[in-house]
Amino acid sequence: MEFNDVKEAVLIVGAGPSGLTLAIDLARRGVRARVVERGADLFPGSRGKGLNPRTQEVFDDLGVIDAVRRAGGPYPLVLGWEGGTRLGTHDMIERGRPTPGAPYADMWMVPQWRTARLLYARLQELGGSVEFGTELTGLTQNADGVEARLSSADGSAATVRAAYLVAADGGRSTVRRALGIPMTGETVDPSPMLVADVRLADVRLADVRLADDRLDDDRLDDDRLADVRLADDRLADDRLDDDRLADVRLDDDRLDRGHWHAWPKAKGGAVALCPLAGTDQFQLFARYEDADVDAAPDTSAEAVRQLIAERTHLAASDVREVSWASDFRARAAMAERFAEGRVFLVGDAAHIHSPAGGQGLNTSVQDAYNLGWKLGQVLRHGADPALLDTYEEERLPVAAGVLGISTRIHRAHRAGDEEGERRGPEVRQLGLNYRGGRLAVDRRPAPEDVATEGVASEGAVRGGAAPEGAADGYGCPRAGDRAPDAPCARPDGEPFRLFDAFRGPHFTLLALGDFELPPVRADFVRTYRIGGPTPDLLDPDGHIRAGYGERGLFLVRPDGYIGFAADEEAGLGDYLAGLGG
């Protein structure tokens, strides 16, 4: 069958963060996508609650970052307990600060259920929808398309034909199993675990003071509730410049919302209660160290209340509500391949992580972001379908590296190694790159042959971490690296950012210097000259040159990575032609 005869361009199975991200990206490209979800509604729990800086950049591009920032908040300090006695605090996250090249510095806490709802709202704005209560029961494919069998909750069934199918249906993926793709890995922790969302009674809503005389809890009108005492005169709010997280000092054994409360030595296994930013809930995490590894924890509301009462100084009656609970085993596993013909695996269907380090949801979102623009180029711009082979080539090494990070952090946490469990720069995923791949074409001298100060290549391997300078926007990025942001201005002086230039489904060409550029399609590539007699952007503070160097051509892919870099225009036309331009 020809593409014009296909009812759907893309069938997406699963409406979690990865499926919704892909649907949004395709919708803004004008690609028809049908999203089906087995559940009756969006995922109801908090499970993946941390959005790393790179995912925040993705959401910036997709038009949801303002809603995400309003909905969440920073991670609090961890406050240790032994019974009802406070043991002191520590920070499990190595905090960063925004830079001109990386405006989002830290993990941002948003419960998964809320992230999903924000993404779904954005999809609806773009004219998309989700068919809930619809399950894939089988599929076949050939060189021309995919035929999927669907069943609905009302018992009806249908066959859908699509050019491509994307499995975003989780760790127990029906699609992956139907394709016979093995998933191999290891058990990170043999102990059963439980995660739940709970509401507690008699909790201090303690937070931090801002620059005015109101106390900080933006769920209330003009009463921000609790003041804090700091060791110096800096303000305790991460939205201000010279700030830090507050250590809220209370004089009784009541819990507060300014800390992540942990009982590491609780009888039966460690337990923690984390206040979920932007909500009145706590996320409960519990390990069952002495339990039968084959037995599933009781996830009933009464059992959750009893667990909290047994392992903390709270009473069962202090748990007002258990809105969601689930049990799991921490595993690290990856599919043998991420594609089979016209079917692609994204998110948990392709890789399963320990929740430690908050890497699972973030890696899943970025899978979809990598695949979306490539499907768009093939379906809308006539690019060679071989472009889709680069999805697995680029994302499989990344997933393998991130699995290692999650596993290391989980095992350090279990061993009580506070330093080992700290989330360092690697969890931000700003340094991940696609160097060495077929889409990374760099026609400049290799870094070791360049005398320019600040150029570093050590540790920059495909699917690994780029130089820290490049990750922060202050090294000289190579093809395959993330393209850094930079504050700049339009010729009339209006403030502008490179991320404003990148935002959207197009490629972006940055020309630093006076180049004779080949003609390009305006709907395909947006060109910005920096410098020269007729600049499109001004660099008054030197942030663009600090991030990219004094001269060069940089073609930024729709997913924010540099595809082509050169000191002259030769070869750019051929590169674009291979992508349908």
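Each remark here, short or long, concerns the structure printed above.
To keep things clear, this report deals only with the structure shown in the data block. In this text the structure is predicted, and so the values were computed from the model without any measurement.

What counts, and where the lines are drawn
- Residues numbered from 1 in each chain as written.
- Predicted model: local features only at pLDDT ≥ 70, side-chain atom pairs only at ≥ 80, totals over all residues.
- Heavy atoms only, no water.
- Helix = DSSP H or I, 4+ residues; strand = E, 2+ residues; numbered from the N terminus.
- Buried < 20%, exposed > 50% of the residue type's maximum accessible area, 1.4 Å probe, protein only.
- Contact = heavy atoms within 4.5 Å.
- Areas by Shrake-Rupley, 256 points an atom, 1.4 Å probe, with all protein chains shown as cover.
- Pairing = 2+ DSSP bridges.
- Core = buried A, V, L, I, M, F, W, Y, C linked by side-chain atoms within 4.5 Å.
- Polar contact = N/O pair within 3.5 Å; in protein donor to acceptor, adjacent residues only side chain to side chain.
- Axes fitted to C-alpha atoms, helices over the stretch in contact; angles between N-to-C directions.
- Parallel < 35°, antiparallel > 145°, perpendicular 65-115°, else oblique.
- Left-handed = near helix turned anticlockwise from the far one by under 90°.
- Nonpolar A, V, L, I, M, F, W, Y, C, P; charged D, E, K, R; others polar.
- Salt bridge = Lys/Arg side-chain N within 4 Å of Asp/Glu carboxyl O.

## Here we look at the overall build of the protein
What the protein contains, in helices and strands, is 12 helices and 26 strands. The burial tally for the protein puts 55% of its 581 residues in the buried class. For the protein, restricting intrachain contacts to residue pairs at least 6 apart in sequence, the fraction spanning at least 24 positions comes to 68%. Roughly 23700 Å² of accessible area belongs to the protein as shown, and the carbon and sulfur atoms make up 46% of that amount.

## Considering the sheet that holds strand β20 (residues 441-442)
Adjacent strands of a sheet pair through backbone hydrogen bonds, lying either parallel or antiparallel. As summarised here, the arrangement of the five strands in space is β20-β26-β25-β23-β24, forming an open sheet in which the pairing is mixed. Every other strand in the sheet has two partners, leaving β20 and β24 (525-530) as the edge strands with one partner each. Relative to strand β26 (residues 562-566), β20 runs parallel, the two being bridged by two bridges. The residue bridging Val441 from the neighbouring strand is Phe564, located in β26.

## Topic: the nonpolar core
Counting 88 residues, the largest nonpolar core has Phe59, Leu165 and Leu375 as the members making the most contacts within it. Examining the composition of this core, we find that nine residues originate from one element, helix α7 (residues 360-381), more than from any other. Excluding anything up to four places from it in sequence, Phe59 contacts Thr21, Leu51, Val64, Ile65, Val68, Thr115, Leu119 and Val365. Grouped together as the second largest cluster of nonpolar side chains are 22 residues, Leu194, Val198, Leu200 and Tyr288 included.

## Quick notes on the side chain of Ser18
The topology assignment puts Ser18 in helix α1 (residues 17-28). The class for Ser18 is buried, based on a relative accessible area of 6%. Apart from residues no more than four positions distant in its own chain, Ser18 is found in contact with Ala168, Val346, Gly347, Ser364 and Ala368.

## Describing the environment of Val346
When you line up the elements, Val346 lands in the loop between β18 (343-345) and β19 (351-352). With 178 residues separating them along the chain, Val346 and Ala168 place their C-alpha atoms 5.4 Å apart.

## A few points about helix α2 (residues 53-62)
Along α2, 10 of the 10 residues are buried, which leaves the element largely enclosed by surrounding structure. By the burial criterion, the buried members of α2 are Pro53, Arg54, Thr55, Gln56, Glu57, Val58, Phe59, Asp60, Asp61 and Leu62. In this structure Asn52 caps α2, since a side-chain oxygen of it lies 3.1 Å from the backbone nitrogen of Arg54. The positive-phi residue at the C-terminal boundary of α2 is Gly63, with phi of around 85°.

## A short note on the packing of α1 against helix α4 (residues 112-125)
Two elements in contact, α1 and α4, have axes separated by 9 Å at closest approach and are oriented at 20°. The orientation of α1 with respect to α4, classified from their angle, is roughly parallel. In the packing of α1 onto α4, the handedness of the crossing is left-handed. Packed against α1, whose contacting residues are Pro17, Leu20, Thr21, Ala23, Ile24 and Ala27, the element α4 presents Gln112, Ala116, Leu119, Tyr120, Arg122 and Leu123 at the interface. In the contact of α1 with α4, the residues fall into nine nonpolar, two polar and one charged.

## A closer look at the packing of α2 against α7
With their axes 9 Å apart at the nearest point, α2 and α7 run at an angle of 45° to one another. By the angle between their axes, α2 is oblique relative to α7. The interaxial crossing formed by α2 with α7 has left-handed handedness. Along its contact with α2, which presents Arg54, Thr55, Val58, Phe59, Asp61 and Leu62, the element α7 presents Asn362, Val365, Gln366 and Tyr369. Its residues assigned to classes, the contact of α2 with α7 shows five nonpolar, three polar and two charged.

## Details of the pattern of salt bridges
Throughout the structure, instances matching the rule amount to 27 salt bridges. Among the ionic pairs, Arg28 bridges to Asp25, the shortest N-O distance being 2.8 Å. Taken together, the residues Arg28 and Asp25, both in helix α1 and three residues apart, mark about one turn of the helix. Of the two residues examined, Arg28 and Asp25, each falls in the buried class. Across the pair Arg28 and Asp61 runs a salt bridge, and its minimum N-O distance is 2.7 Å. Of this pair, Arg28 sits in helix α1 while Asp61 sits in helix α2, and the two are 33 residues apart along the sequence.

## Observations concerning the sheet that holds strand β3 (residues 50-51)
The sheet built from three strands is open, its strands ordered β3-β7-β4 with antiparallel pairing. The open sheet has two edge strands, β3 and β4 (73-74), and neither has a second partner. Here two bridges tie β4 to strand β7 (residues 108-109), and the two strands are oriented antiparallel to one another. Residue pairing for β7: Pro74 is matched across the bridge by Trp108.

## A few points about the pairing of strand β15 (residues 282-287)
With six of its six residues buried, β15 lies for the most part within the structure. Residues Phe282, Leu284 and Ala286 line one face of β15 and the alternating positions Gln283, Phe285 and Arg287 line the opposite face, and both faces are buried. Summarising the sheet, strand β14 (residues 271-275) and β15 pair through five bridges and their orientation is antiparallel. When the sheet's bridge partners are listed, Pro275 is paired in β15 with Phe282. In this structure, the hairpin formed by β14 and β15 is closed by a connection of six residues, where Gly278 is found at a positive phi of approximately 80°.

Purely spatial values, then, with no claim about function.
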